[in-house]
Amino acid sequence: MKNYETLVDALNDLNKRGYTANLSMDGNTIDDKSADVHMGAEDFEIDEFYRFEGASNPSDMSILYAISSPKYNLKGALVNAYGTYADDSDSAVQAKLHHYQVSKNLHGSDRPTA
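Procedures and definitions
- Residues numbered from 1 in each chain as written.
- Predicted model: local features only at pLDDT ≥ 70, side-chain atom pairs only at ≥ 80, totals over all residues.
- Heavy atoms only, no water.
- Core = buried A, V, L, I, M, F, W, Y, C linked by side-chain atoms within 4.5 Å.
- Buried < 20%, exposed > 50% of the residue type's maximum accessible area, 1.4 Å probe, protein only.
- Helix = DSSP H or I, 4+ residues; strand = E, 2+ residues; numbered from the N terminus.
- Contact = heavy atoms within 4.5 Å.
- pLDDT = per-residue confidence, 0-100.
- Polar contact = N/O pair within 3.5 Å; in protein donor to acceptor, adjacent residues only side chain to side chain.
- Arc of directions from axis to C-beta.
- Salt bridge = Lys/Arg side-chain N within 4 Å of Asp/Glu carboxyl O.

In the annotation of an unreviewed UniProt entry, the protein is listed under the name Phosphoribosylpyrophosphate synthetase and assigned to Mucilaginibacter mali.

Okay, structure coming up:
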């Protein structure tokens, strides 16, 4: 995976690589509100993720996910807080995001990166 200095740098690069949908998490779904798409855990794949830590502000702690969905023919970016401001819901979507992070941290990446 690539290393980025800032969240903005990562978002710009993902956008250049086709991750153009602005995704948000809403309970049990990840949504592309501009296209009226609401994806459950089975509807998307996590292609990459990047963790960013603020030097002094806990609210700057975030994870950027590069997400794709063959079902909806979209690629997009989802920014999610972690640490103090993390969503601690027990939804299937949140579980999938967390599992992907843990799996990649323990086992390394099995996907080629650009």
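There is more to say, and it comes next.
A. Structural view of the nonpolar core. Core analysis: the biggest nonpolar cluster contains 16 residues, and L23, I30, F44, Y65 and L97 have the highest contact counts within it. Residue assignment for this core shows that the elements contributing at least two residues are β1 (21-26), β3 (37-39), β4 (45-52), β5 (62-69), β6 (74-81) and α2 (92-107). Excluding its chain neighbours within four sequence positions, the residues that come into contact with I30 are L23, S24, M25, V37, H38, M39, F44, I67, L78, V93 and L97. If you look at the next biggest cluster of nonpolar residues, it comprises nine residues, including Y50, L64, A66 and A77.

B. The confidence of the model for the protein, seen in detail. On average, residues of the protein score 80 in pLDDT, and 69% of them reach the 70 mark or higher. The weakest mean pLDDT in the protein belongs to α2 at 66; the strongest belongs to β3 at 96. Every residue in residues 109-114 is under pLDDT 50, and counting partners more than four places away or in other chains gives nine contacts.

C. Highlighting the side chain of S69. Tracing the chain through its elements places S69 in strand β5. At 2.6 Å, the side chain of S69 and the backbone oxygen of D43 are in polar contact. The residues contacting S69, other than those within four sequence positions of it, are M39, D43, F44 and L74.

D. Helix α1 (residues 7-16), seen in detail. Within the sequence span of α1, burial applies to A10, D13 and L14. On an axial view of α1, the arc spanned by its buried residues comes to 100°, and they lie on one face. Across from the buried face of α1, at angles greater than 90 degrees, the exposed residues are V8 and K16. Looking at the packing, one finds that the buried side of α1 touches β4 and β5. Positive backbone phi, at 100°, marks G18, one or two positions downstream of α1.

E. Region of interest: the pattern of salt bridges. Applying the stated rule across the entire model yields four salt bridges. For the salt bridge of D13 with K2, the shortest nitrogen-to-oxygen distance reads 3.3 Å. Of this pair, D13 sits in helix α1 while K2 sits in the segment before α1, and the two are 11 residues apart along the sequence. Accessibility expressed as a relative area gives 18% for D13, which makes it buried. Salt-bridge contacts for R17 lead to D13; the nearest nitrogen and oxygen are separated by 3.0 Å. One continuous salt-bridge network, built from bridges that share partners, spans K2, D13, R17 and E48.

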